[in-house]
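Coordinate analysis (summary)
So you can see what is in the structure, the chains are spelled out below.
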Amino acid sequence: MNYIPSKLLTDESEFLRQHSFTRWMSRDLAQAAVDFCRNLRLFTAYSETSPDKLTRYLFWQLPEGASVEVRSGRPKDKFEEFERANRNANRRLLSLHVNEGDLYSAVWISPDHFETAKAFLMVHGITTAEVHNA
């Protein structure tokens with residue numbers, strides 16, 4: 001498979017996106033933030049991992065009935081394992097960030113909610129990831 005990461009567009013949505021991201025967080029703080037947001041029914045739509053392994057997120061209100069999986073800062077082989085498992089669970093790759101150190105951060109979502117999530121990302125100037133057969 002060939003994976004095309006999400007792109008951050010440089011248009012009028014850039015200001016909104018930069019102010020919607022969380023701050024960069026260490027892994028232990030990021031997990032606490034994700035757990036806290038999940039209790040508020042906010043889920044990750046996009047995630048990035050920096051070269052020094054800090055993470056930031058873009059959260060959104062998950063539609064009723066949607067299921068997501070988020071994995072941040074994983075090497076390519078682990079990402080590919082998660083991709084296969086999510087494909088088998090009938091979830092689509094929504095967003096993907098690959099940092100300079102080849103760490104993958106990805107979000108998968110149930111197919112019935114893909115277009116809604118895609119629209120949310122586009123408002124924030126983020127394209128969806130693409131998967132092509134090699």
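Below or above, wherever it landed, is the structure these notes cover. Please read these numbers as outputs of a predicted model, since none were measured by experiment.

Here's the deal with the packing of aromatic side chains
A complete count under the given rule lists six aromatic pairs for this structure. Each ring, one from Phe 79 and one from Tyr 104, has its centre 4.9 Å from the other, and the planes form 20 degrees; the classification is stacked. Taken together, the positions of Phe 79 in helix H3 (residues 76-88) and Tyr 104 in strand E6 (residues 104-109) put the pair 25 residues apart, joining distant regions of the chain. Summarising the burial analysis for this pair, Phe 79 and Tyr 104 share the class buried. On the basis of an interplanar angle of 20 degrees and a centroid distance of 5.9 Å, the ring pair of Phe 79 and Trp 108 is categorised as stacked. One end of the pair, Phe 79, is in helix H3; the other, Trp 108, is in strand E6, with 29 residues separating them in the sequence. Overall, the relative accessible area of 0% leaves Trp 108 in the buried class. Through a chain of ring-to-ring contacts, the aromatic side chains of Tyr 3, Phe 79, Tyr 104 and Trp 108 assemble into a single cluster. The cationic tip of Arg 56 hangs over the ring face of Phe 21; the distance from NZ or CZ to the ring centre is 3.8 Å. Lying across the ring of Phe 114, Arg 92 places its NZ or CZ 3.6 Å from the centre.

Topic: unusual backbone geometry
The phi angle at Arg 41 is positive, at roughly 65 degrees, despite the residue not being glycine. Its identity is not glycine, yet Asn 90 carries a phi of approximately 65 degrees, on the positive side. Tracing the backbone through its elements, the reader meets Asn 90 in the loop between H3 and strand E5 (92-98). Given the relative accessible area of 52%, Asn 90 is considered exposed.

Re the nonpolar core
When a protein is soluble and globular, its nonpolar side chains tend to lie buried together. With 15 residues, the main nonpolar core has Leu 94, Ile 109 and Leu 121 as its most contacted residues. Each residue touching Ile 109, except ones within four places of it in the same chain, is listed here: Trp 60, Leu 62, Ser 67, Val 68, Arg 91, Arg 92, Leu 94, Phe 114 and Ala 117. Phe 82, Tyr 104, Ala 106 and Trp 108 belong to the second-largest nonpolar core, a separate cluster that totals nine residues.

Section: helix H4 (residues 114-123)
Buried within H4 are the following residues: Phe 114, Ala 117 and Leu 121. Along the long axis of H4, the arc covered by the buried residues comes to 70 degrees, so they all point the same way. Away from the buried face of H4 by more than 90 degrees, exposed residues Glu 115 and Val 123 are located. For H4, the elements touching its buried residues are strand E2 (42-49), strand E3 (55-61), E5 and E6. Among the residues trailing H4, Gly 125 stands out with phi positive, at a value near 70 degrees.

Points about the sheet that holds strand E4 (residues 68-74)
Read from one edge to the other, the open sheet built from three strands follows the order E4-E6-E5, with strand pairing classed as antiparallel. Whereas interior strands pair on both sides, the edge strands pair on one side only; in this sheet they are E4 and E5. Shown here is a sheet whose adjacent strand axes are inclined to one another by a mean of 10 degrees, direction ignored. Note: E5 against E6, six bridges, orientation antiparallel. Within E6, the residue paired with Leu 96 across the bridge is Ala 106.

Conventions used here
Numbers given to residues run from 1 along each chain, matching the order in which its sequence is written. Reporting of local features is limited, given that this is a predicted model, to residues whose pLDDT is at least 70; pairs of side-chain atoms are given and counted only at 80 or more, and all residues count toward the totals for whole chains, interfaces and linings. The side-chain numbers reported here are obtained from all heavy atoms of the structure, hydrogens and water having been left aside. Side-chain rings of Phe, Tyr and Trp, where Trp is taken by its six-membered ring, are said to pair if the distance between their centres is within 6.5 Å; with planes under 30 degrees apart they count as stacked, over 60 as edge-to-face, and otherwise as tilted. Numbered from the N terminus, helices here are DSSP runs of H or I no shorter than four residues, and strands are runs of E no shorter than two. For every residue, the accessible area obtained with a 1.4 Å probe (protein chains only) is divided by the maximum for its type, and the residue is called buried under 20%, exposed over 50%, and partly exposed between those limits. Only when the NZ of Lys or the CZ of Arg is both within 6 Å of the ring centre and within 35 degrees of the ring normal is a charge said to sit over the ring. Think of a nonpolar core as a cluster: buried Ala, Val, Leu, Ile, Met, Phe, Trp, Tyr and Cys residues, connected wherever their side-chain atoms sit within 4.5 Å. Note on contacts: a residue pair qualifies if any of its non-hydrogen atoms lie within 4.5 Å across the two residues. It is the directions from the helix axis to the C-beta atoms whose arc is reported. Any two strands with at least two DSSP bridges between them are considered paired. Between N-to-C directions, angles span 0 to 180 degrees; the directions come from axes that are lines fitted to C-alpha atoms, helices contributing only their stretch in contact.

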